[in-house]
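Listed below are the residues making up each chain.
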Amino acid sequence: MMRDDSNLLGLIVVLAPLSLASVGGATAIYAPLQHEAVELRQWVTPQEFLDYFAIMRFTPGPSSLLGALIGWKIAGFWGALVATLSLYIPSSLLCYAAARTWHKFRGRPWHTATERGLLPVAAGLVCAGVLALFQLSGGDLKVGGVIVGVAIALTLFRKLNPMFLLIAGAIVFELVFLAGI
Amino acid sequence: MEAKAARVPLLDIFRCFFWIGLFSFGGGLMPWIQREVTSRGWMTDKEFFPGMALAQVLPGVNSTNISVYVGQHLRGAAGAAVALGAMLAAPFILVLVAAVSYKIVLGVPAIQAAMAGVAAAAIGMLLKTAMSSVQAVPRAVAPISVMIATFVAIAVFHFSLVTVVLVATPISVLLAWPRGNNDA
């Protein structure tokens, strides 16, 4: 059945440790992944790696799915599947253990204190995230307009489906693009 | 104590995360997930936000981590597995479609413009989440100072997220300790 056993094994060996190394988001694994996949193992060419990076911008999902494209290149569908599982199962198991421990101790004083203590940290992180993304996205008028418009819409209409707003954002940008502004 | 009203069907969890996964452009997923799980009454904001911080600090992608956290909260191991699988199902298929057709699609500026619009709307959703998370912070000097310090450390001084969280969390928890027994 699987004639690419050595490749599949190689994918697991490379990607499973990266799963646990992706601290602070998927982008943390790009450098080590590029080193392994392009330079050491020569699974993909430098140009292919750059193309895959670009693909991640217009497909949904975490950008570390780039690993699935490498898997696809060297071992077809099973390569993509094995790559995806290697990338997400180790970190998910760790998160599961943490979530389980967290819920098991509900109601304990330290749990309540931690929950309260995390609230301002989480708030600070999200606010910083908004600013960083705004700057990253070019920070021009149409970006700012859509951001504020979406936040107002979500506040005013509590039942609003977010999918509608994402599509609305695409339409606004498309109109601006077509108008050539 | 555990206060789970009714068992959430696994199919509902799958449906919820499948759609989020399908439209997860630009990484602005936390807000959408927060809105879905709180508006369905699956979790309160105060249950969700610690998970949000946890998902960002633990290794792994934020979106898969928060799926596992929510799934675990709702239905244990099965819930976590279903939420994770549902979150990745659509992106996995689409990435394979893209692998075959990307050379054509990448060259179309109109498609890039639409993607940028989706990303901007996603930031707008994040702004709304930022507003709710600020509202959830207790109105006292200590927590508000921690919030501002966290924001400044990352937005102004560009310290790494993990460093900031590892420093700010113990301080914040200690400050919250004396009042920890009062209420939830």
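In short, a report on the structure.

About the thresholds
- Residues numbered from 1 in each chain as written.
- Chains lettered and ligands numbered in written order.
- Predicted model: local features only at pLDDT ≥ 70, side-chain atom pairs only at ≥ 80, totals over all residues.
- Heavy atoms only, no water.
- Contact = heavy atoms within 4.5 Å.
- Buried area = accessible area lost by both parts, 1.4 Å probe.
- Salt bridge = Lys/Arg side-chain N within 4 Å of Asp/Glu carboxyl O.
- Polar contact = N/O pair within 3.5 Å; in protein donor to acceptor, adjacent residues only side chain to side chain.
- Helix = DSSP H or I, 4+ residues; strand = E, 2+ residues; numbered from the N terminus.
- Phe/Tyr/Trp six-rings, centres within 6.5 Å; stacked < 30°, edge-to-face > 60°.
- Buried < 20%, exposed > 50% of the residue type's maximum accessible area, 1.4 Å probe, protein only.

## Looking at the interface of chain B and chain A
- Across the contact, 93 residues belong to chain B and 84 residues belong to chain A.
- Summing both partners gives a buried area of about 7900 Å² for chain B against chain A, and 78% of it is carried by carbon and sulfur.
- Of all residues in chain B, Arg-35, Phe-92 and Ile-123 of chain B give up the largest surface area on contact with chain A, accounting jointly for 8% of the area buried on that side.
- Along the contact surface separating chain B from chain A lie 1 salt bridge.
- Among the salt bridges present, the one from Glu-47 of chain B reaches Arg-106 of chain A, with a minimum N-O distance of 3.0 Å.
- Taken together, the connections running from chain B to chain A amount to 9 residue pairs in polar contact (both at pLDDT 80 or more).
- Mapped by element, the contributors of at least two residues to the side of chain B that touches chain A are helix 1 (10–22), helix 2 (30–39), helix 3 (45–57), helix 4 (62–105), helix 5 (109–136), helix 6 (141–155) and helix 7 (161–176) of chain B.

## A word on the packing of aromatic side chains
- Counted according to the given criterion, the structure contains 8 aromatic pairs over all chains.
- Between Phe-18 of chain B and Trp-19 of chain B, the ring centres sit 6.0 Å apart and the planes meet at 80 degrees, which makes this aromatic pair edge-to-face.
- Taking the relative accessible area as the measure of exposure, Phe-18 of chain B reaches 24% and is therefore partly exposed.
- Between the aromatic rings of Phe-48 of chain B and Phe-49 of chain B, the centroid separation amounts to 6.1 Å while the plane-to-plane angle is 70 degrees, which identifies the pairing as edge-to-face. The pair formed by Phe-48 of chain B and Phe-49 of chain B is uniform in burial state, with each residue classed as buried.
- The rings of Phe-77 and Trp-78 of chain A together with Phe-92 of chain B are connected pair by pair, giving a single aromatic cluster.

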